[in-house]
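# Structure at a glance
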Amino acid sequence: MTSVARPAGPPPDDAFRAGQRPDDAIASGQRPDDAFRAGDHPPAPPSDLNALDQPIWPRTARRRDGVLTIGGIDVRDLAGEFGTPLFACDEADFRGRCRDFRNAFGDDDMVCYAAKAFCCREVLRWAAQEGLGVDVCTDGELETALSAGLPAQIITLHGNNKTVGELARALDAGVRHIVLDSFEEIARLAYLAERGGARPKVLVRVTTGVDAGAHEYIATAHDDQKFGFSLASGAAAEAVRRVLGSPDLELAGLHSHIGSQITDAARFESAARRMVGLAAAIRDEHGVQIAELDLGGGFGIAYTPQDHPVEPAAMARILTETVDAGCRAAGLRRPRLTVEPGRAIAGPGTVTLYEVGTIKDVPFDGGLRTYVSVDGGMSDNIRTALYDARYTCVLASRESAAQPALSRVVGMHCESGDIVVRHAYLPADLAPGDLLAVAATGAYCRSAASNYNHVPRPAVAAVRDGAARVLVRRETIEDLLRLDAG
Ligand code: LLP
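Residues numbered from 1 in each chain as written. Predicted model: local features only at pLDDT ≥ 70, side-chain atom pairs only at ≥ 80, totals over all residues.

### Things to note about the overall build of the protein
A tally of helices and strands in the protein yields 15 helices and 21 strands. At 24 Å, the protein has a C-alpha radius of gyration in line with the 23 Å of a compact globule built from 486 residues. Along the longest, intermediate and shortest principal axes, the C-alpha atoms of the protein span 70 × 60 × 55 Å. Going through the 486 residues of the protein one by one, you find that 45% of them count as buried. The long-range fraction of contacts in the protein, counting pairs at least 24 apart against all pairs at least 6 apart in sequence, stands at 70%. (Helix = DSSP H or I, 4+ residues; strand = E, 2+ residues; numbered from the N terminus. Rg over C-alpha atoms; globule rule 2.2 N^0.38 Å. Buried ≥ 20, exposed ≤ 12 C-beta atoms within 10 Å, placed from the backbone. Contact = placed C-beta atoms within 7 Å.)

Structure representation (structure tokens):
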């Protein structure tokens, strides 16, 4: 390899940042170093280590004789029957959150569960039984939904790089909407539709430029990223022109998704306002009224006591009022609203149960931190390593009156970034063999799990009214070896 002399001056990344004020950096989703460090200070220990802070834990979580129970089942029994790590999913919680969203929005509006948060046949059935549609973003999710018996008419297909095969399958199945994400895709779908004879209903995905205030990797509406058509550049208006110009596509509406784990309703409000503005511009240019406005998902949940999410009813009121007012002012017919919550449905009702292994006290900054190793880690929860996510955990298999010890829950993988809970206060008498429960792991943990270090992925069990059953069975090493063609 030839080495190239570095140009004088700052590297491009720094040059880019040099022109930014700190608030610009925050607006663009970057974390200035100081803000990052401030957030890294351990919070104060909770007053009661055994308490279950209700917004963070599944709705049926209780302590019975000191032991955590979910859905009426003792976690020691769950660990005994299904092994650890285990995702224990409270069915009543999942269904209850579907109902909360369903009741929050009007009968004509639509709530779709975003399957990427957690996808298996049974939870997709729960969502459908509770009156929700389902969003999928790959053929794997689409086939799961179809094989669960969901009608194609409640399924929406997303994705920034759908294959021809995926588009053809969605057309063939007759899904409700296909969300268009690029000019190539408009042409590709029109071509497939013309050959197949179906006229798919499509939404145009718009990047509104609204800052989601979330981690850079889960913000999706700023211009410098891969999703959708930019509103500011005119690409969104051009996409609408091309769809309306195609006899093979039916423009069903517009779509916006600004990001994920958003706890500030004002961000959704801004996006809704900009989308109504686009709808008015479309009416002015084409004389066409937009029938459906899909405002995406991204509704945040409580992972720690510091998180204060907006309840579905409040979110629905804000979105509805914003759209109603915008439409009135512009003289537009009020479109049907759709929202696509994933995390806010699947996240809070599931906990991960781990068995405690090695425990080490390690000096840091003049203090001691207890490193508690568990039998899983970044292969079943990549969120801490990837987004610096924060979690809450408790000793689950018993209660303890011991002093709080500042702890870090780490996995069993060969990486020092293999952290599950960055800051935890756990009882000082924690011992190998104890069970830990990490709260709010129902979204983007099992669904983003990997086989790193050749670790089989954990099972997911549903608990309800004192009974437990497998939703997804635990992988085995034989499963992994079966793929190994050597
Ligand atoms: N609709 C669209 C078009 C989406 O892209 C997403 C999420 C959702 C709905 C659902 O968003 P939710 O309500 O679950 O926030 N792995 C990341 C989150 C990635 C979200 C991707 N898109 C995490 O663990 O935080």
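### Regarding the site of the ligand
Near the ligand lie 23 residues; those nearest to it are A114, S260, G297, G342 and Y444. Here the residues of the shell around the ligand sort into 10 nonpolar, 8 polar and 5 charged. Summarising the domain contributions, the shell around the ligand has at least three residues from each of domain 1 (45–83 + 349–483) and domain 2 (92–346). (Near = placed C-beta within 6 Å. Nonpolar A, V, L, I, M, F, W, Y, C, P; charged D, E, K, R; others polar. Domains from an automatic or database assignment.)

### Regarding the pairing of strand β21 (residues 467–472)
Sheet topology note: the strand β20 (residues 459–464)/β21 ladder contains 5 bridges and is antiparallel. Residue R464 lies in a different strand from β21, and its bridge partner there is A467. Hairpin connection between β20 and β21: a loop of 2 residues separates the two successive antiparallel strands, and D465 in this loop has a positive phi of roughly 50°. (Pairing = 2+ DSSP bridges.)

### Quick word on the nonpolar core
In terms of nonpolar packing, the biggest core is built from 133 residues, with V134, V204, L436, A437 and A461 touching the most fellow members. Looking at this core, the element that brings in the most residues is helix α11 (residues 265–286), giving 8 residues. Inspection of this core shows a minimum of three residues originating in each of domain 1 (45–83 + 349–483) and domain 2 (92–346). Residues contacting A461, with those up to four places away along its chain left out, are L78, F82, L86, A88, C89, A468, R469, V470 and L471. (Core = buried A, V, L, I, M, F, W, Y, C linked by C-beta atoms within 7 Å.)

### A word on helix α5 (residues 91–104)
For α5, spanning 14 residues, the distance from its first C-alpha to its last is 20 Å, which sits close to the expected 20 Å at 1.5 Å a residue. All buried positions along α5 are accounted for by E91, D93, F94, R97, C98 and F101. (Expected span 1.5 Å × (residues − 1).)

### Some thoughts on the domain arrangement of the protein
Note: interface size is frequently given as the accessible area lost on complex formation between the parts. Domain assignment breaks the protein into domain 1 (45–83 + 349–483) and domain 2 (92–346). Look at where the C-alpha atoms of domain 1 and domain 2 centre, and you get two points 33 Å apart. For the side of domain 1 that touches domain 2, the elements supplying multiple residues, two or more each, are α14 (383–387), β20 and β21.

### Considerations on the confidence of the model for the protein
Looking at the protein as a whole, the pLDDT averages 91, with 90% of positions reaching at least 70. Mean pLDDT in the protein bottoms out at helix α1 (residues 12–18), which sits at 33, and peaks at strand β4 (residues 86–90), which reaches 99. Across residues 1–38, confidence stays below pLDDT 50; counting only partners more than four residues off in sequence or on other chains, it has 18 contacts. (pLDDT = per-residue confidence, 0-100.)

### Looking at the sheet that holds strand β2 (residues 67–70)
Strand order across the open sheet formed by 3 strands is β1-β2-β3, with antiparallel pairing between neighbours. The two strands at the open ends of the sheet, each matched to only one other strand, are β1 (62–64) and β3 (73–74). Sheet analysis places β1 next to β2, joined by 3 bridges and oriented antiparallel. Bridge pairing links R63 to L68 in β2.

### What about the packing of α5 against helix α6 (residues 121–129)?
Look at α5 against α6: their axes get within 9 Å of each other, and the N-to-C directions meet at 40°. It follows that α5 is oblique to α6 by the angle criterion. The way α5 lies across α6 gives a crossing that is right-handed. Seen from α5, the contacting residues are E91, F94, R95 and C98; seen from α6, they are V123, W126 and A127. Across the contact of α5 with α6, the residue classes break down as 5 nonpolar, no polar and 2 charged. (Axes fitted to C-alpha atoms, helices over the stretch in contact; angles between N-to-C directions. Parallel < 35°, antiparallel > 145°, perpendicular 65-115°, else oblique. Left-handed = near helix turned anticlockwise from the far one by under 90°.)

### Observations regarding unusual backbone geometry
Here the residue pair T84 and P85 is connected by a cis peptide bond, since its omega of -10° sits within 30 degrees of zero. By the element assignment, P85 lies in the loop between α4 (75–82) and β4. Of note in this structure, Q261 is not a glycine but carries a positive phi near 55°. Its identity as a non-glycine residue notwithstanding, D388 has a phi of 55°, on the positive side.

### As for the environment of L471
Assignment of secondary structure puts L471 in strand β21. Once the C-alpha coordinates of L471 and A459 are considered, the two residues, 12 residues apart in sequence, prove to be 7.6 Å apart. Contact partners of L471, with chain neighbours within four places excluded, come to C89, C120, E122, V123, V460, A461 and A462.

### Quick notes on the pairing of strand β14 (residues 350–364)
Taken residue by residue, a regular strand's side chains alternate between the two faces of the sheet. Across 4 bridges, β4 lies against β14 in antiparallel orientation. Each residue of the ladder has a partner; that of C89, found in β14, is T350. Where β14 folds back on strand β15 (residues 367–374), the antiparallel hairpin that results is connected by 2 residues, among which D365 adopts a positive phi of roughly 40°.

### Things to note about helix α12 (residues 312–330)
The end-to-end C-alpha separation of α12 is 27 Å, in line with the 27 Å expected for 19 residues at 1.5 Å each. The complete set of buried residues in α12 reads P312, M315, A316, L319, T322, V323 and G326. In a view along the axis of α12, the buried residues occupy a sector of 140°, so they form one face of it. Exposed side of α12, more than 90 degrees from the buried face: A314, E321, R328 and A329 are the residues found there. Looking one or two places after α12, you find G331, whose phi comes out positive at around 70°. (Arc of directions from axis to C-beta.)

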